[in-house]
Amino acid sequence: MKTYIITGATGFLGKRLVRHLLMNGHCMILLVRGENRKTAEERISKLFNFSESESRRIHTFDCDTRYLDKIFENQEFQEIIATHTISGIWHLAANISFRSKDKDVVHDTNVTGTQSVARFAKALNVPLFHVSTAYVHGKKDGFLEEDALITTRFNNHYEHSKFISERHLRNEIKGGLQCLIFRLGNLIDVAPEYNVKDTFGYYAILEAVHDLSVALRNFIYRYPILSRIFGFRIDALGVVHSTFIPFVVARVFINLVPVGVAISVMEHITNIKDKVESDTFQVVSTNALSMREIAVITFDELKVRIPIITLPQMLVSMIFKFIYVLSRVFPPFIGLSKKLHYYGYYMTNTYRFDTTRIEKVYGREQYRNLFKHSSSDLRNASRSFVIHKRTPLSNN
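Please read these numbers as outputs of a predicted model, since none were measured by experiment.

Novice: So, the layout of surface pockets: which residues are in play, and what are the values?
Specialist: Take a probe with the size of a water molecule and roll it over the atoms, and the empty space left behind shows itself. Put simply, the second largest pocket is a space of about 830 Å³. Considering the residues around the second largest pocket, the lining is formed by 29 residues, among which L212, F232, I245, F330 and F333 are closest to the centre. Residue assignment for the lining of the second largest pocket shows that the elements contributing at least two residues are α7 (202–222), β11 (247–250), α11 (313–326) and α12 (334–347). With eight residues, α7 is the largest single contributor of residues to the lining of the second largest pocket. Taken together, the residues that form the lining of the second largest pocket break down as 25 nonpolar, three polar and one charged.

What follows is the structure, encoded as structure tokens:
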């Protein structure tokens, strides 16, 4: 049994990592901020609903990752670290906003917070397991190497903040910090029991398309004659059909990683950290899906039949911009247009990731086998999201 300190336990990845470590019998110290008049313990209790036996292995402290030095003033924390051997710090806490107005808070959380966690790890003399993004390379073209960290242009402040954080950690590693950096691709959850409420990455687009499909259904029911003119109808099985208006995609491939796979891979590497020669690993899929296949699967799970047209990347980018303008006069497009504004670059560009290091550590064949069911993984993730959208759960 090991004891880990975890930041970001309330996030998409954090919730699943906590559950995974609990199932494996480990203890955890969760560093969580109070929010909306709820203490850290109240947030964790509502989110996880731990059993009595699980609660005995969970210790929650109300603190801000930017000011972790203050936690040493907490007597209970001092007693716990004095009686437990800390195996490592999982640093997952991050602000993933792409909005320009959130630039300062994104930098504060992701950069200042990471710098604080690095000092905290050095003070405790324990390894730091830092979760970054595979898109830390920004708009860099070509083959994206695992050990590369080259100054470039970025799509948003989130990417830039992760770049700065990695640069800082690399300097700290040179100064003696024990640290592993994991760059994750687009996470999806294939487990049906989880209600995905975190709308980022693929889920941001899925939610927008889902809401648009609901609006389209309502339009068909309300204006049947006008709908037929535009080529919209609903068949006897409840499937929406669009005869004339297509959905356009670029000739690109998108990297989707099941969150359970990401956790298993990261845990494996942390367990053999003393044997690995590298400090940075890109946890990405070796079987990326085409944007066309992603669209087919997504619309299929939404019960929508729509012509899908593959076009050159530049033309699709122009269409995305047109949709953004169209949303000004056609409200149902607002949600989709905003998501396309934030994620359009990722949907019109193919990233080619180096996985040499991670395949060497995990085993080339074993690692690639983790992604051989990418299509069914995406289908399960989409289906679970749609089901919970219709019958939302109170937890998870």
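Novice: Would you mind going over the sheet that holds strand β10 (residues 240–242) in detail, with residue names and values included?
Specialist: Judged by pairing direction, the sheet is mixed, and its three strands sit side by side in the order β9-β10-β16 without closing on themselves. One side of each edge strand has no neighbouring strand; the edge strands of this open sheet are β9 (232–234) and β16 (304–305). Bridge count between β9 and β10: three bridges; the pairing is antiparallel. The residue of β10 that forms the bridge with R233 is H241.

Novice: Give me the lowdown on unusual backbone geometry, citing residues and values where you can.
Specialist: Even without glycine at this site, N49 takes up a positive phi of about 50°. Here N49 lies in the loop between α2 (40–48) and α3 (52–55). Phi at N125 takes a positive value of approximately 60°, unusual for a residue other than glycine. Within the element layout of this structure, N125 appears in the loop between α5 (103–124) and β5 (128–133). Take N125: its relative accessible area is 59%, and that puts it in the exposed class.

Novice: How would you explain the state of the cysteines if you had to name every residue and give the values?
Specialist: This structure, assessed with the given rule, holds zero disulfides. Left without a disulfide partner, C63 is nearest to the cysteine sulfur of C27, which lies 18 Å away. On the accessibility criterion, C63 (11% relative accessible area) is buried. Free of any disulfide, C179 has its nearest cysteine sulfur in C63, 19 Å distant.

Novice: Kindly report on the sheet that holds strand β1 (residues 3–7), identifying the contributing residues and their values.
Specialist: Taken in spatial order, the seven strands of this open sheet run β3-β2-β1-β4-β5-β7-β14, and their pairing is parallel. A strand with exactly one partner marks an edge of an open sheet, and here the two such strands are β3 (58–62) and β14 (280–283). The mean angle between the axes of side-by-side strands here comes to 20°, regardless of whether they run parallel or antiparallel. Lying on the sheet, helix α4 (residues 75–83) is in contact with β1, β2 (27–32), β3 and β4 (86–91); it crosses β3 at an angle near 145°. Sheet strands in contact with helix α6 (residues 157–174) are β5, β7 (179–184) and β14, and its direction is about 150° off that of β5.

Novice: For a negative patch on the surface, give the residues involved together with the corresponding values.
Specialist: A contiguous patch of negative charge, built from E41, E42, D62, E76 and E79, is present on the exposed surface. Residue position: E79 is located in helix α4. A relative accessible area of 45% places E79 in the partly exposed class.

Novice: I'd like to hear about the nonpolar core, residue by residue, with values.
Specialist: In terms of nonpolar packing, the biggest core is built from 91 residues, with I6, W90 and F182 touching the most fellow members. Broken down by element, this core gets its largest block of residues, nine residues, from α7. Within the second largest apolar cluster, 23 residues are counted, among which are F77, I89, V117 and F120.

Novice: Give me the pairing of β4: which residues, what numbers.
Specialist: Summarising burial for β4: five of the six residues are buried, a large majority. Of the pairings in the sheet, the one linking β1 to β4 comprises five bridges and is parallel in character. Opposite T3, over in β4, you have I86 as the bridge partner. Pairing of β4 with β5 involves three bridges; the strand directions are parallel. Residue pairing for β5: H91 is matched across the bridge by H130.

The rules behind these values
Residues numbered from 1 in each chain as written. Predicted model: local features only at pLDDT ≥ 70, side-chain atom pairs only at ≥ 80, totals over all residues. Heavy atoms only, no water. 1 Å grid on protein atoms, 1.4 Å probe; cavity = no way out; pocket = protein on both sides within 12 Å on 5 of 7 lines; lining within 4 Å. Points joined across faces, edges and corners; volume = space filled by probe spheres on them. Helix = DSSP H or I, 4+ residues; strand = E, 2+ residues; numbered from the N terminus. Nonpolar A, V, L, I, M, F, W, Y, C, P; charged D, E, K, R; others polar. Pairing = 2+ DSSP bridges. Buried < 20%, exposed > 50% of the residue type's maximum accessible area, 1.4 Å probe, protein only. Disulfide = S-S within 2.5 Å. Axes fitted to C-alpha atoms, helices over the stretch in contact; angles between N-to-C directions. Contact = heavy atoms within 4.5 Å. Patch = residues over 30% accessible without salt bridge, like charges linked within 9 Å, V, L, I, M, F, W, Y side chains within 5 Å. Areas by Shrake-Rupley, 256 points an atom, 1.4 Å probe, with all protein chains shown as cover. Salt bridge = Lys/Arg side-chain N within 4 Å of Asp/Glu carboxyl O. Lys, Arg positive; Asp, Glu negative; His and termini not counted. Charge placed at Lys NZ, Arg CZ, Asp CG, Glu CD. Core = buried A, V, L, I, M, F, W, Y, C linked by side-chain atoms within 4.5 Å.

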